[in-house]
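Listed below, chain by chain, are the residues.
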Amino acid sequence: MNRFVIADPKLCIGCGTCMAACSTVHKAQGLQQAPRLTVMRHEQATMPVQCRHCEEAPCIKVCPVEAIRQTDDSVQLNESLCIGCNLCAVACPFGAIQSGGSRPVAMANSYDTYIPCSIRSSNPSTSASLRCFGSDLLSWEPGVRSIAVKCDLCEFRADGPACIEACPSQALSIVNDTACANAARDRRLQAANAHPQGAPAFSASACATSACSTATATPVSSDASLTEGSC
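The structure presented is a predicted model; accordingly, all values stated were derived computationally and were not measured.

Draft legend 1. Representation of the overall build of the protein within the structure. Across its full length, the protein holds seven helices and eight strands. Counting across all 231 residues of the protein, residues that qualify as buried make up 29%. When contacts within the protein are restricted to residue pairs at least 6 apart in sequence, those whose partners lie at least 24 apart make up 62%. Summed over its atoms, the accessible surface of the protein is roughly 14,800 Å², and 57% of this surface lies on carbon and sulfur atoms.

Right under this line is the structure:
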C-alpha cells in the first residue's frame, strides 16, 4: 500500500504549525512554497487535510503530461512538467491538490493594457483592484505560472514529513503497512478484552459438553448394533 499522513482531530489544536513547516522546507528546496496540507475547521474540530496517495490515484489518470506518477509507495508530482491545467485538482476526491505560483518581481497589478476585456477572460472586469481572473480552481493570474502542489511526503528529507515532526500535539502520523497491521491487532485485542469471559455458547468447553450430552442422550437401536456386530 502507499504511505500517507493522517491527522487525529481529537489531538489537533488547529495551530497551523504543520502548514508553516511544510511551506518552509519546500521553499528551501526551491519548490513551490504553498503548503501541501490545509487545516480545516468544522465547529469545534480542526484537522489538516492532505494527499492520501491513493492506490488507484485519479490524479494520475487525468494528468495530460504525466506530471504525476506512482513512485515506489507514494504518488509524486513533478513541478517541472506540470502545465497548471488543474485537472488533478478537479479529480482529487479529497480536495488535497491546489494551485500555487510565484509572482514575478515588478509584475504590474493592472492588466487593462495587456489583457483587454474579451470573451476569453474568465472575468469581464480588469480593474486595478483585481489580481486574479475567475475564482476557485479556475482562477488565473496573468504573468504567473501556476502549477499544482500536493503532499510529497517530504521525500527529500531523511527525517520524513516535516509536518509530523513540527506538530506540537503529535496529531499527525504516517500510515503504512506496519501501522495498518498494528492498528488491526489493537482493534482485535480491544474486541477480545471487551468480553474477557468469551461467549459461553461458542466456547470450546461448552461445545465439548454439548457434544457429550447429545451422544449420551441419543439411544442406539438394537438393529444397528447387531448389524455393526455382524460386520
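Draft legend 2. Broad picture of unusual backbone geometry. The backbone of E43 sits at a positive phi, close to 55°, despite the residue not being glycine. In this fold, E43 is placed in the loop between β2 (37-42) and β3 (45-50). Residue class for E43 comes out exposed when judged on its relative accessible area of 71%. Non-glycine residue H53 carries a positive phi angle of around 50°.

Draft legend 3. Representation of the pairing of strand β5 (residues 74-77). By the alternation rule, side chains of β5 split into S74 and Q76 and V75 and L77, which are all buried. Summarising the sheet, strand β4 (residues 68-71) and β5 pair through four bridges and their orientation is antiparallel. The residue of β5 that forms the bridge with R69 is Q76.

Draft legend 4. Structural detail: the nonpolar core. Ranked by size, the top nonpolar core spans 29 residues in total, and within it C59, I97 and L172 carry the most contacts. Those elements that place two or more of their residues in this core are β1 (4-7), α1 (17-28), β2, β5, α3 (87-91) and β7 (147-149). Residues contacting I97, with those up to four places away along its chain left out, are C59, C88, A89, C92, A148, V149 and K150.

Draft legend 5. Summary view of the environment of V175. Mapping V175 onto the fold places it in strand β8 (residues 172-175). Expressed as a C-alpha distance, the spacing of V175 and F4, which sit 171 residues apart in the sequence, is 5.4 Å.

Draft legend 6. Spotlight on the packing of aromatic side chains. Enumeration according to the criterion identifies zero aromatic pairs in this entry. Of note, R52 hangs over the ring of F94, and the distance from its end group to the ring centre comes to 5.1 Å.

Draft legend 7. Structural view of the layout of surface pockets. Space inside the largest pocket adds up to approximately 250 Å³. The wall of the largest pocket is formed by 19 residues, among which Q76, L77, N78, E79 and E155 lie closest to the centre. Where the lining of the largest pocket is concerned, the elements lending two or more residues are β4, β5 and β7. Looking at which element gives the most residues to the lining of the largest pocket, the answer is β4, with three residues. Each residue belonging to the lining of the largest pocket can be placed in one class, and the counts come to nine nonpolar, three polar and seven charged.

Draft legend 8. Local environment of helix α5 (residues 177-193). Compared with an ideal rise of 1.5 Å per residue, which puts 17 residues at 24 Å, α5 spans 24 Å between its outermost C-alpha atoms and is within 8% of the ideal. Backbone nitrogen of T178 and a side-chain oxygen of the N-cap are separated by 3.2 Å at the start of α5; the cap is N176.

Draft legend 9. View of the pairing of β2. Pairing analysis gives six bridges linking β2 to β3, with the strands arranged antiparallel. Residue pairing in the sheet places L37 in a bridge with Q50 of β3. Linkage of β2 to β3, two consecutive antiparallel strands, is achieved through a turn of two residues, within which E43 is found at a positive phi near 55°.

Draft legend 10. Examining the environment of F156 more closely. Tracing the backbone shows F156 in the loop between β7 and α4 (162-166). Along the primary structure F156 and Q29 are separated by 127 residues, whereas in three dimensions their C-alpha atoms are 8.4 Å apart. If we ignore the near neighbours within four places in the chain, the residues touching F156 are V25, H26, Q29 and L31.

Reading guide: rules and limits
Residues numbered from 1 in each chain as written. Predicted model: local features only at pLDDT ≥ 70, side-chain atom pairs only at ≥ 80, totals over all residues. Heavy atoms only, no water. Helix = DSSP H or I, 4+ residues; strand = E, 2+ residues; numbered from the N terminus. Buried < 20%, exposed > 50% of the residue type's maximum accessible area, 1.4 Å probe, protein only. Contact = heavy atoms within 4.5 Å. Areas by Shrake-Rupley, 256 points an atom, 1.4 Å probe, with all protein chains shown as cover. Pairing = 2+ DSSP bridges. Core = buried A, V, L, I, M, F, W, Y, C linked by side-chain atoms within 4.5 Å. Phe/Tyr/Trp six-rings, centres within 6.5 Å; stacked < 30°, edge-to-face > 60°. Lys NZ or Arg CZ within 6 Å of the ring centre and 35° of its normal. 1 Å grid on protein atoms, 1.4 Å probe; cavity = no way out; pocket = protein on both sides within 12 Å on 5 of 7 lines; lining within 4 Å. Points joined across faces, edges and corners; volume = space filled by probe spheres on them. Nonpolar A, V, L, I, M, F, W, Y, C, P; charged D, E, K, R; others polar. Expected span 1.5 Å × (residues − 1). Polar contact = N/O pair within 3.5 Å; in protein donor to acceptor, adjacent residues only side chain to side chain.

These values are about where atoms sit, not about what they do.
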